[in-house]
Amino acid sequence: MSTENSSQRPSLEQQSHSRNSLRQHYINIRNSVSPKQQKEQALRLLECFQRNVMSPKLQKVALYITNKAELDTAPLISFLWQLNIDVYVPVLHPFCKGHLLFIRYAQTTPMTHNKYAIAEPILDVRNVIPLAELDTMLVPLVCFDEHGNRLGMGGGYYDRTLSAINKLSHKNKPQIELIGLAYDIQKALSLPNEKWDVPLTKVLTPSRLYRF
Ligand SMILES: Nc1nc2c(c(=O)[nH]1)N(C=O)[C@@H](CNc1ccc(C(=O)N[C@@H](CCC(=O)O)C(=O)O)cc1)CN2
Ligand SMILES: Nc1ncnc2c1ncn2[C@@H]1O[C@H](COP(=O)(O)OP(=O)(O)OP(=O)(O)O)[C@@H](O)[C@H]1O
């Protein structure tokens, strides 16, 4: 996307068009994963997590509940539960449009479905965690590149929610690890980035951990 001068710079409309075509291209790639492969890849992801991410510092982890052909997080969630590590998942914010709340997710949590038909805990304010208290957030994505740029489903939910962290003063800024979870086939050579994009610190795939 780099250009010599502003007259050659793509317009906002062109940029959003290329983001949307890239997004659709990688959603199609993701949808080509069969249910059998999805299961196998989820187990390999768990092994890769155990080798590369697991640490005694991991106490409060945000994850997501898998939608459609996304990399399946269920084995990872069960593993964290076994270790008594607290797991939090996103809920669409009821008042703050485009933002997420992170809610404690346990085996007995009463669940519902959001407008995208994704399972989410029924909102109970006692189970909401302030972002600054999370030590790691595992983030869904449609594609990523080798600089840690991420393209998601296009709602801007994660970027909006995470921008709140960047607004904190440096002193209070939490050292939250932002780790994208993806199949290896979701890696792009280079993605356009926007001022609101919050870069990932790492991406974990079933075969390796990328550090940026
Ligand atoms: N598992 C999961 N939970 C998540 C996200 C996500 O990407 N994955 N989100 C990340 O921000 C938020 C929800 N954002 C979403 C935005 C758009 C669509 C959507 O357009 N879905 C299409 C189907 C897409 C497909 O084929 O995979 C649909 O509902 O028809 C879904 C979720 C919060 N929770
Ligand atoms: N921090 C923010 N403040 C205001 N608007 C934002 C912010 N972040 C993203 N947006 C808006 O959200 C829209 C979608 O953003 P983007 O394409 O980056 O979503 P995404 O990262 O793919 O989606 P998601 O995070 O939900 O997976 C953009 O058009 C942008 O206007």
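Read on for an overview of the structure. Remember, it's a predicted structure, so these values are computed and weren't measured experimentally. (Residues numbered from 1 in each chain as written. Chains lettered and ligands numbered in written order. Predicted model: local features only at pLDDT ≥ 70, side-chain atom pairs only at ≥ 80, totals over all residues. Heavy atoms only, no water.)

**Examining the packing of helix α2 (residues 35-52) against helix α3 (residues 74-82)**
Put simply, the rule is: Each axis is a line fitted through C-alpha atoms, taken for helices only over the stretch in contact, and angles between the N-to-C directions span 0 to 180 degrees. In this description a helix means any DSSP run of H or I spanning at least four residues, a strand means any run of E spanning at least two, and both kinds are numbered starting from the N terminus. Oblique is the label for any angle not under 35 degrees, not over 145, and not in the 65 to 115 range, which are roughly parallel, roughly antiparallel and roughly perpendicular in turn. Should any heavy atoms of two residues lie within 4.5 Å, those residues are considered in contact. The residue classification treats Ala, Val, Leu, Ile, Met, Phe, Trp, Tyr, Cys and Pro as nonpolar and Asp, Glu, Lys and Arg as charged. All others, Gly included, are polar.
Two elements in contact, α2 and α3, have axes whose closest approach is 8 Å; the angle formed by their N-to-C orientations is 40 degrees. One finds that α2 runs oblique with respect to α3. Side by side, α2 and α3 meet where Ala42, Leu43, Leu45, Leu46, Phe49 and Gln50 of the first sit next to Pro75, Leu76, Phe79 and Leu80 of the second. The residue inventory of the contact of α2 with α3, partitioned by class, reads nine nonpolar, one polar and no charged.

**Digging into the side chain of Arg150**
Selection criterion: Using a 1.4 Å probe on the protein chains alone, a residue whose accessible area is under 20% of its type maximum counts as buried, one over 50% counts as exposed, and one in between counts as partly exposed. Positive charges are assigned to Lys and Arg, negative charges to Asp and Glu, while His and the chain termini are left out of the count. Just to be clear on terms, a salt bridge is a Lys or Arg side-chain nitrogen sitting within 4 Å of an Asp or Glu carboxyl oxygen. Counting of polar contacts relies on pairs of N or O atoms within 3.5 Å, with two restrictions inside protein: one atom must be capable of donating a hydrogen and the other of accepting it, and residues adjacent in sequence are counted only when both atoms are side-chain atoms.
Positionally, Arg150 belongs in strand β8 (residues 150-151). Look at Arg150: it is buried, it has no salt bridge, and the nearest opposite charge is Asp159 at 4.5 Å. Only 2.9 Å separates the side chain of Arg150 from the backbone oxygen of Pro140, close enough to count as a polar contact.

**Topic: the state of the cysteines**
Working definition of a disulfide: a covalent bond connecting the sulfur atoms of two cysteines. Threshold: Note on terminology: disulfide denotes any pair of cysteine sulfur atoms within 2.5 Å.
Going through the model one piece at a time under the given rule, you end up with zero disulfides. Summary of cysteine pairing: Cys143 is not part of a disulfide, and the nearest cysteine sulfur, belonging to Cys48, is at 20 Å. Owing to a relative accessible area of 0%, Cys143 belongs among the buried residues under this scheme.

**Considering the site of ligand 2**
Short version of the rule: If even one non-hydrogen atom of a residue comes within 4 Å of a molecule or strand, that residue is called near it. Accessibility throughout is a Shrake-Rupley quantity obtained with a 1.4 Å probe, and a residue counts as covered only by protein chains that appear here. Computed over the protein atoms alone on a 1 Å grid, cavities are sets of points where a 1.4 Å probe fits but cannot get out and pockets are open sets with protein on both sides within 12 Å along at least five of seven lines; a residue lines them when it has an atom within 4 Å of a point. Here the criterion for a molecule occupying a pocket or cavity is that more than half of its atoms lie within 2 Å of the pocket grid points.
Near ligand 2 there are 16 residues, and of these Arg19, Arg23, Arg150, Gly152 and Trp196 occur at the shortest range. Here an oxygen atom of ligand 2 sits 2.7 Å away from a polar atom, N or O, in the side chain of Arg150. Tyr158 has a polar backbone atom sitting 3.0 Å from an oxygen atom of ligand 2. In isolation ligand 2 has 650 Å² of accessible area, and contact with the protein removes 74% of it. Taking a 2 Å distance to the grid points as the criterion, the majority of the atoms of ligand 2 fall inside the largest pocket. Within the residue set of the shell around ligand 2, elements represented by two or more residues are α1 (12-31), β8 and α4 (157-166). The biggest single contributor to the shell around ligand 2 is α4, with five residues. By residue class, the composition of the shell around ligand 2 is five nonpolar, five polar and six charged.

**Things to note about the site of ligand 1**
Lining the immediate environment of ligand 1, one finds 16 residues, of which Tyr64, Ile65, Glu70, Tyr116 and Met153 sit closest. At 2.7 Å, a backbone N or O of Ile65 approaches a nitrogen atom of ligand 1. One of the side-chain nitrogen or oxygen atoms of Glu70 is found 2.7 Å away from a nitrogen atom of ligand 1. When each cavity is represented as a set of grid points, ligand 1 is found to reside in the largest pocket. Counting residues per element, the ones that place at least two in the shell around ligand 1 are α1 and α4. Here the element with the most residues in the shell around ligand 1 is α1; it accounts for three residues.

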